[in-house]
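Architecture at a glance
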Amino acid sequence: MVDASQPGALKKVDTAHVPLSHYLGAVGMPGVTAWYGLVKIINPKAGDTLVITAASGAVGSAFGALAKARGCRVVGIAGGPDKCRYVTDELGFDACIDYRAHPDVKSMSAALKEACPQGIDGYFENVGGYIFDAVLLRTNAFARVALCGMIAGYDGQPLPLANPALILVNRLKIEGFIVSEHMEVWPEALAALGQLVASGKLRPRESVAQGIEAAPEAFLGLLKGKNFGKQLVKLV
Ligand SMILES: NC(=O)c1ccc[n+]([C@@H]2O[C@H](COP(=O)([O-])OP(=O)(O)OC[C@H]3O[C@@H](n4cnc5c(N)ncnc54)[C@H](OP(=O)(O)O)[C@@H]3O)[C@@H](O)[C@H]2O)c1
C-alpha cells in the first residue's frame, strides 16, 4: 500500500536520461540514504575528509558523487582490488582501502592514516566491527558519524566497540537514521541524484539476479560482498 499524498511516495520517472532500474538504486532509496547521511548528519564543508564503508555499493557510490560535488576528500573502503579500482577510477573517490588486505584494527588504522593525512571529519558507517574501531582512532575533534548500516552484524555476530571513550575524547556526534522516516527530503535528494546520473558524474553498477527463486541467494550474497553495485532481482 502506498499513501499517494506522502511527498516522494509516487513519482513519474524520466527514463530518457536515467535508466529505469537506477530508480531502485542511485536515484531511489539507496541514493536518498546516502544524501540524508551526508547532508543532514555529516553536513560537510569543502575540504573535509569523509570516509565510507561498502563504498562500491548502491549507497556508497551515491555518497561518493554527492560528497565530491561538495568539494570533499572522499575515501572509500571496499572488499578487493576490483571494487577498489572501480571506486577510484569510475566513481571518482580520492582513495579506496581494500579491507581484505587490512583485516585488523592496527593495519586498517595505518591505511586510514595514509589515505586521510588530515584526519577524518565525517564517517558514513555501513558495516560496523573492527573498521569502525579503526575509523574512530583517526577522527578529528567534532567529527560526525552517520550510522546507516551494520552489515557485519546482520548474521547475528556481536559488534563490540573497542574504544567508546573516543566518542567523548574527540567530541563526536554519532547519529543513526532510517531513510523512510524522512520522506520530506526525498524530492530534493532525488533531484540532485538524478542530475548526477544524467550528467555521468555518478555511474552506478548493478548485479541482477534472474527470477524470484534467485532472491534468497542474492540476499545472502550481499552479506559476503558477492554483489558488485546495487543488487537487483529481475522478476519478469
Ligand atoms: N539506515 C537506512 O535507512 C538504510 C537504508 C538503505 C541501506 N542501509 C544500509 O546501508 C548499507 C549499504 O546498503 P547497500 O544497499 O548500498 O548495499 P551494498 O553496499 O550494495 O552491498 C552490501 C556490501 O556490504 C559489504 N559487506 C558485506 N559484509 C561486509 C563485512 N562483513 N565487512 C565489510 N563489508 C561488508 C559488501 O561489499 P564489499 O565487497 O566491499 O565488502 C557488500 O557488497 C547496508 O548496511 C544497508 O543495510 C540503511
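First, a word on scope: everything that follows refers to the structure included in this document. (Residues numbered from 1 in each chain as written. Predicted model: local features only at pLDDT ≥ 70, side-chain atom pairs only at ≥ 80, totals over all residues. Heavy atoms only, no water.)

1. Topic: the site of the ligand
- Near the ligand, the surroundings consist of 26 residues, among which Gly79, Lys83, Tyr99, Tyr154 and Asn227 are the closest.
- In the model, a nitrogen atom of the ligand is placed 3.0 Å from a nitrogen or oxygen of the cysteine 148 main chain.
- Here leucine 223 contributes a backbone N or O atom positioned 3.2 Å from a nitrogen atom of the ligand.
- Computed on the free molecule, the ligand has an accessible area of 920 Å², of which 86% lies beneath the protein chains in the complex.
- The set of elements that each furnish at least two residues to the shell around the ligand consists of α1 (29-42) and α2 (58-69).
- The residue makeup of the shell around the ligand, split by class, is 16 nonpolar, 8 polar and 2 charged. (Near = heavy atom within 4 Å. Polar contact = N/O pair within 3.5 Å; in protein donor to acceptor, adjacent residues only side chain to side chain. Areas by Shrake-Rupley, 256 points an atom, 1.4 Å probe, with all protein chains shown as cover. Helix = DSSP H or I, 4+ residues; strand = E, 2+ residues; numbered from the N terminus. Nonpolar A, V, L, I, M, F, W, Y, C, P; charged D, E, K, R; others polar.)

2. Some points on the sheet that holds strand β2 (residues 73-78)
- Ordered by their spatial adjacency, 6 strands build an open sheet running β3-β2-β1-β4-β5-β6, and the pairing between neighbours is parallel. Two strands in the sheet have a free side with no partner beyond their single neighbour: β3 (95-98) and β6 (173-176). Within this sheet the neighbouring strands show an average axis-to-axis angle of 15 degrees, counted without direction.
- As judged from the 5 bridges shared by strand β1 (residues 49-53) and β2, these two strands associate in the parallel manner. Of the residues in β2, the one forming a bridge with threonine 53 is isoleucine 77. (Pairing = 2+ DSSP bridges. Axes fitted to C-alpha atoms, helices over the stretch in contact; angles between N-to-C directions.)

3. Considerations on α1
- Helix length check: α1, at 14 residues, gives a terminal C-alpha distance of 18 Å against a target of 20 Å (1.5 Å per residue), a fit within 8%.
- A large share of α1 lies buried, amounting to 11 of its 14 residues.
- Phi for asparagine 43, located one or two positions after α1, is positive at around 45 degrees. (Expected span 1.5 Å × (residues − 1). Buried < 20%, exposed > 50% of the residue type's maximum accessible area, 1.4 Å probe, protein only.)

4. What to know about helix α3 (residues 81-90)
- Burial in α3 covers these residues: Lys83, Cys84, Tyr86 and Val87. Viewed along the axis of α3, the buried residues span an arc of 160 degrees, placing them on a single side of the element. When the buried face of α3 is taken as reference, the exposed residues oriented beyond 90 degrees from it are Pro81 and Asp89.
- Buried positions along α3 lie against α2, β2 and β3.
- After α3 finishes, the residue glycine 92 shows a positive phi value of roughly 80 degrees. (Arc of directions from axis to C-beta. Contact = heavy atoms within 4.5 Å.)

5. Observations concerning the packing of aromatic side chains
- Considering all chains together, one arrives at 5 aromatic pairs under this definition.
- Residues tyrosine 86 and phenylalanine 228 carry aromatic rings whose centres are separated by 5.2 Å and whose planes lie at 80 degrees to one another, so their mutual orientation is edge-to-face. On the criterion of sequence distance, the pair formed by tyrosine 86 in helix α3 and phenylalanine 228 in the loop between α8 (215-222) and β8 (230-234) is long-range, its members being 142 residues apart. Like phenylalanine 228, tyrosine 86 is buried.
- Each member of the aromatic cluster is reached from another via a ring pair, and the members are Tyr36, Phe63, Phe124 and Phe177. (Phe/Tyr/Trp six-rings, centres within 6.5 Å; stacked < 30°, edge-to-face > 60°.)

6. A few points about the packing of α2 against helix α7 (residues 186-198)
- Contact geometry for α2 and α7: axes closest at 11 Å, N-to-C directions at 90 degrees. On the basis of the axis angle, α2 is roughly perpendicular to α7. Residue-level inspection shows Ala62, Ala65 and Leu66 of α2 in contact with α7, the latter providing Ala192, Leu193 and Leu196.
- Its residues placed into classes, the contact of α2 with α7 shows 6 nonpolar, no polar and no charged. (Parallel < 35°, antiparallel > 145°, perpendicular 65-115°, else oblique.)

7. Side note on the pattern of salt bridges
- Across all of its chains, the model carries 6 salt bridges by this definition.
- With a shortest N-O distance of 3.1 Å, lysine 45 and aspartate 48 are connected by a salt bridge.
- Across the pair aspartate 82 and arginine 85 runs a salt bridge whose closest N-O atoms are separated by 2.7 Å. Here aspartate 82 pairs with arginine 85, and both are found in helix α3, just 3 residues apart, close to one helical turn.
- Judged by relative accessible area, which is 45%, arginine 85 ranks as partly exposed.
- Members of the salt-bridge network, linked through shared partners, are Lys45, Asp48 and Arg144. (Salt bridge = Lys/Arg side-chain N within 4 Å of Asp/Glu carboxyl O.)

In short, the description is geometric, and any link to function would need to be established separately.
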